[in-house]
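Fold and geometry: a report
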Amino acid sequence: MKAPAHGWPRPTSRSTARRTASWAAALAVTLGAVACGSDDDASPAEDTGVATVAPEAATPSTEGVDSTEAPTTDAAPTSEAADTVASTEPDGAESGATDTSAAFPDLEPPTGEEFVIGLVNTEGTPGLDFPEIRTYMQAAADYLNEHGGMGGRPIRLEHCAAAGSPETSQACAQELAGKNVEMVLLGLDLFPDYATYTAADIPVVGVLPILPGDYTANALFLTGGNATTTGAMTAVAKDYFQAETVAIVSADNAGANGTEAALAASLDLAGISHVTIKGGDNETDAGYQGLMSEAAKSNPDLLVSLYSDAGCVGTIRGRAALGITIPVITTAICSGKDVLDEVGDEALGWNFVGVQTQEDTPELAILQEILAPVLGVEPSEIDSTALGLGALGVIEIMSLAEYSNIMAADGQEVTAASLYEFVGSSTDLQQWPGGAAIECGASPTYPTICAFTFPVSEYVAGGSVQTIEGLEAVSAKPYLP
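Just so you know, these numbers come straight off a predicted model, no measurement behind them.

**Digging into the state of the cysteines**
As enumerated under the stated definition, the model contains three disulfides in all. Disulfide partner of Cys 160: Cys 172, at an S-S distance of 2.1 Å. Handedness here is read from the sign of the S-S torsion; for Cys 160 and Cys 172, about -80°, the answer is left-handed. With Cys 160 in strand β4 (residues 155–162) and Cys 172 in helix α6 (residues 166–178), this pair connects stretches of sequence that are twelve residues apart. In terms of burial, Cys 160 and Cys 172 fall into one category: buried. Covalently, Cys 312 is tied to Cys 334 through a disulfide, its sulfur atoms 2.0 Å apart. Across the S-S bond linking Cys 312 and Cys 334, the dihedral sits near -80°, which makes this disulfide left-handed. Taken as a pair, Cys 312 in helix α11 (residues 310–321) and Cys 334 in the loop between β11 (328–331) and α12 (337–343) lie far apart in primary sequence, 22 residues in all. By sequence-ordered numbering of the bonded cysteines, the protein has its disulfides arranged as 1-2, 3-4, 5-6.

Here it is, written out as structure tokens:
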């Protein structure tokens, strides 16, 4: 790995900053792994990722990247790195899209025609039980029905629970079509019955593609799942760390193997040689140390861990105990409060795809107001990094509400068909609450994906996780598998 002349500066003021997971990024790898590993004998994949540069390690290169002003996505790239690191401010910021994301509290209750929306979500099945996606989305719908609805239309959610099988997903599609819903939103649905929706002329919008068929379906997804998460990891490896060799640590189950395969394909595109060390779903401390030791044995430029939860703690502690200074990259799962409270500064050298620092914002206040009644706490007690899968539902419906409000303000009629067309063709939108730019169809290989960028952060001594300057919006597009 090339050593640069200087490091990238970190923010100096953190007094009001909050550690905020970019929810889509944090959950994409997890849910993709759950889907792939949903067989009865398969455990969900565990995803960790990339370790940051430890104090003793070489500082990543800034060669070819302007750390003070990253190029915009529509500017001609001057280098591969410049093409990968997108503008920190999506195109929609200048058009007022960011302002609309915070305008909900000022909107009156909607008085237009009711907007009937179907929701398919997997619940009640061991290992595939995600009721929080529904409850959080319903809470957001209740909030919107006091603040503008969908472009002035009140919302009614019709929910159907799938059970992780094609038959139950098909039954949900038929049920919702029979209820004459105008649009279908997908929470977590492993086997959406796209044929039924298409036949009934019902637009489908999801927040997370899971299985390969989702990437080419008649639908739009507001995030990109495994494909974009692993592509962003590779972009960071290639263009930030300038890695030529990578060692991956991963559990050996169906879900984790699918994630690892996607990452391997991305690394191959980037010309980065890689080796994978497989471990158990859960290891002892000695087991995690053994995995990290084996991964570091050939002195790769970068380590990637695809463990999560207890595996985050185990791999972080294993690396620290062995005195390994090779940087690591992982998903936002390992930046969770429970993990970092346990490992502390042992996490030095770890980097997290899908995490950004964020000051308290109007959008955060809206999120807290939405979820306080559901969680039974005061709004100020809600930590957006600890919302889990339910955050997907909030992102999905609040984003669509914001887009509907933009349409209504422009004098456009808000229907399911017009909203779907608007999202699919617009170039100046972003995920609520001010996340990745929406650019549906930007990848011919993955035409349903609408977002391709991720923030990347590093652990800083003392317990802080800070966005790496210049990596506020890393694009996965150059390295999509």
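So that's the structure; there's more coming.
**What to know about the environment of Ala 177**
Looking at where Ala 177 falls in the secondary structure, it is placed in helix α6. Not counting residues within four places of it along the chain, the set of residues in contact with Ala 177 comprises Thr 196, Ala 200 and Ile 202.

**Section: the nonpolar core**
Of all hydrophobic cores here, the largest spans 60 residues; its most connected members are Met 183, Leu 371, Ile 397, Met 398, Leu 400, Val 423 and Ile 438. Looking at this core, the elements that each hand over two or more residues are β3 (115–122), α5 (131–144), β4, β5 (183–186), α13 (362–375), α14 (390–409) and α15 (416–425). With eleven residues, α14 is the largest single contributor of residues to this core. Setting aside residues no more than four positions away along its own chain, Met 183 makes contact with Phe 115, Val 116, Ile 117, Gly 118, Ile 202, Pro 203, Val 205, Leu 400, Ala 416, Leu 419 and Tyr 420. In terms of nonpolar packing, the next biggest core, distinct from the first, is built from 32 residues, Ala 232, Val 246, Ile 329 and Val 474 among them.

**Here's the deal with the sheet that holds β3**
With parallel pairing, the five strands of this open sheet are ordered in space as β4-β3-β5-β6-β7. Of all strands in the sheet, those with a lone pairing partner are β4 and β7 (220–221), marking the two edges. Bridge count for β3 against β5 is four bridges, and the pairing is parallel. Paired with Val 120 across the strands is Leu 186, a residue of β5. Its contacts with the sheet place α14 against β4, β5 and β6 (204–206), and it is angled at close to 145° to β5.

**So, unusual backbone geometry**
Here the bond from Trp 432 into Pro 433 is cis, since omega is 10°, no more than 30 degrees from zero. Within the secondary structure layout, Pro 433 lies in the loop between β14 (429–430) and β15 (437–438). A positive phi is found at Asn 180, a non-glycine position, where the angle reads about 60°. Looking at the element boundaries, Asn 180 is found in the loop between α6 and β5. For Asn 299, which is not a glycine, the phi torsion comes out positive at approximately 55°. Within the element layout of this structure, Asn 299 appears in the loop between α10 (285–296) and β10 (302–305).

**Observations concerning the pairing of strand β8 (residues 245–251)**
Counting buried positions over the seven residues of β8 gives six, a clear majority of the element. Strand direction decides the pairing type here: β8 and strand β9 (residues 273–279), joined by seven bridges, are parallel. Across the sheet, the residue bridging to Ile 248 is Thr 276, located in β9. As for the winding sense of the linkage, the β-α-β connection from β8 through helix α9 (residues 254–270) to β9 is right-handed. Bridge analysis of β8 against β10 gives four bridges, and the strand direction is parallel. When the sheet's bridge partners are listed, Ala 247 is paired in β10 with Leu 303.

**Focus: the packing of helix α8 (residues 225–240) against α9**
Where α8 contacts α9, the two axes come as close as 9 Å, and the packing angle between them is 45°. Relative to α9, the element α8 is oriented oblique. When you trace α8 past α9, the crossing you get is right-handed. When α8 is examined against α9, the residues Asn 226, Thr 230, Gly 231, Met 233, Thr 234 and Lys 238 are found in contact with a partner set consisting of Thr 259, Ala 262, Leu 263, Ser 266, Leu 267 and Ala 270. Looking at the contact of α8 with α9 residue by residue, the classes come out as five nonpolar, six polar and one charged.

**Here's the deal with α15**
Looking at α15, one finds that the buried residues are Ala 416, Leu 419, Tyr 420, Phe 422 and Val 423. The buried residues of α15 all sit within an arc of 160° when viewed along its axis, so they share a single face. The exposed residues of α15 that point more than 90 degrees off its buried face are Ala 417 and Glu 421.

**Some words on the pattern of salt bridges**
All chains considered together, the criterion is met by twelve salt bridges. Arg 156 serves as the salt-bridge partner of Glu 114, at 2.5 Å between the closest nitrogen and oxygen. Pair noted here: Glu 114 is in the loop between α4 (97–100) and β3 and Arg 156 is in strand β4, with a separation of 42 residues, a long-range link. The class for Glu 114 is partly exposed, based on a relative accessible area of 36%. Glu 294 is the salt-bridge partner of Lys 297, the closest N and O atoms lying 3.0 Å from each other. Each of the salt bridges in this network shares a partner with another, and the network as a whole consists of Glu 114, Arg 156, Glu 158, Glu 175 and Lys 179.

Conventions and cut-offs
Residues numbered from 1 in each chain as written. Predicted model: local features only at pLDDT ≥ 70, side-chain atom pairs only at ≥ 80, totals over all residues. Heavy atoms only, no water. Disulfide = S-S within 2.5 Å. Helix = DSSP H or I, 4+ residues; strand = E, 2+ residues; numbered from the N terminus. Buried < 20%, exposed > 50% of the residue type's maximum accessible area, 1.4 Å probe, protein only. Contact = heavy atoms within 4.5 Å. Core = buried A, V, L, I, M, F, W, Y, C linked by side-chain atoms within 4.5 Å. Pairing = 2+ DSSP bridges. Axes fitted to C-alpha atoms, helices over the stretch in contact; angles between N-to-C directions. Right-handed = clockwise from strand over helix to strand, strands pointing away. Parallel < 35°, antiparallel > 145°, perpendicular 65-115°, else oblique. Left-handed = near helix turned anticlockwise from the far one by under 90°. Nonpolar A, V, L, I, M, F, W, Y, C, P; charged D, E, K, R; others polar. Arc of directions from axis to C-beta. Salt bridge = Lys/Arg side-chain N within 4 Å of Asp/Glu carboxyl O.

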